[in-house]
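The chain contents come next:
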Amino acid sequence: MNTDAEKTDVPDVADLSYEQARDELVRVVQRLEAGGEPLEDSLALWERGEALAARCQEWLDGARERLAAAQAASGSGPTSNDSEVSE
């Protein structure tokens, strides 16, 4: 099982940038896919991966909201060209 010292070396997910969270999530997935981890460590990795995925989604949702707000403020929402493409 992980010691308290090991846990303090791991940055808080809430403090990670999108890129940091994504890169760590990739490493977590690689470790889980490789196997060989004790059950307790695998569970901890899974939980960390879930938290990292949620953090990435928060960043993406925030970016989407900011983009929508910027488009609404500039009046550049969906254009009439969108309907022409589907015809």
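Engineer: Help me get a handle on the pattern of salt bridges, residues and values and all.
Structural biologist: Counted by the stated rule, this structure contains 5 salt bridges. Here Asp23 makes a salt bridge to Arg22, at a shortest N to O gap of 3.1 Å. Overall, the relative accessible area of 34% leaves Arg22 in the partly exposed class. With a closest N to O distance of 3.1 Å, Asp61 and Arg64 form a salt bridge. Remark: Arg64 and Asp61 occur in helix 3 (residues 39-74); sequence separation between them is 3 residues, near one turn of the helix.

Engineer: Lay out helix 2 (residues 18-34) in plain terms, naming residues and giving numbers.
Structural biologist: Taking 1.5 Å per residue as the helical rise, helix 2 with its 17 residues ought to reach 24 Å, and the 24 Å between its terminal C-alpha atoms agrees with that figure. Listing the buried residues of helix 2 in full gives Ala21, Glu24 and Val28. Buried residues along helix 2 cover an arc of 70° about the axis, so they all sit on one side. Exposed and facing more than 90 degrees away from the buried side of helix 2 are Glu33 and Ala34. Contact partners of the buried residues in helix 2: helix 3. At the exit of helix 2 stands Gly35, carrying a positive phi of roughly 75°.

Engineer: Tell me what's going on with the environment of Glu58, and back it up with residues and numbers.
Structural biologist: Secondary-structure assignment places Glu58 in helix 3. Taking relative accessible area as the criterion, Glu58 reaches 47% and is therefore assigned partly exposed. Sequence-wise, Glu58 and Tyr18 are 40 residues apart; in three dimensions their C-alpha atoms are separated by 8.8 Å.

Engineer: Residues and numbers for the nonpolar core, please.
Structural biologist: Formed by Val13, Leu16, Ala21, Val28, Leu45, Leu52 and Cys56, the largest nonpolar core amounts to 7 residues. Contributions of two or more residues to this core are made by helix 2 and helix 3. The greatest single-element share of this core, amounting to 3 residues, is contributed by helix 3.

Engineer: Mind laying out helix 3, listing which residues take part and the relevant values?
Structural biologist: The end-to-end C-alpha distance of helix 3, which contains 36 residues, comes to 52 Å, matching closely the 52 Å that a straight helix rising 1.5 Å per residue would cover. When helix 3 is considered as a whole, its buried residues turn out to be Asp41, Leu45, Arg48, Gly49, Leu52, Arg55 and Cys56. Buried residues belonging to helix 3 abut helix 2.

Engineer: Run through the side chain of Arg48, naming residues and quoting values.
Structural biologist: The topology assignment puts Arg48 in helix 3. Looking at Arg48, the relative accessible area reads 16%, which means it is buried. Within the local environment of Arg48, its side chain forms a polar contact with the backbone oxygen of Pro11, the two atoms lying 2.8 Å apart. With residues near it in sequence (within four places) discarded, Arg48 still touches Val10, Pro11, Val13, Leu16, Glu24 and Val28.

Cut-offs used in this document
Residues numbered from 1 in each chain as written. Predicted model: local features only at pLDDT ≥ 70, side-chain atom pairs only at ≥ 80, totals over all residues. Heavy atoms only, no water. Salt bridge = Lys/Arg side-chain N within 4 Å of Asp/Glu carboxyl O. Buried < 20%, exposed > 50% of the residue type's maximum accessible area, 1.4 Å probe, protein only. Helix = DSSP H or I, 4+ residues; strand = E, 2+ residues; numbered from the N terminus. Expected span 1.5 Å × (residues − 1). Arc of directions from axis to C-beta. Contact = heavy atoms within 4.5 Å. Core = buried A, V, L, I, M, F, W, Y, C linked by side-chain atoms within 4.5 Å. Polar contact = N/O pair within 3.5 Å; in protein donor to acceptor, adjacent residues only side chain to side chain.

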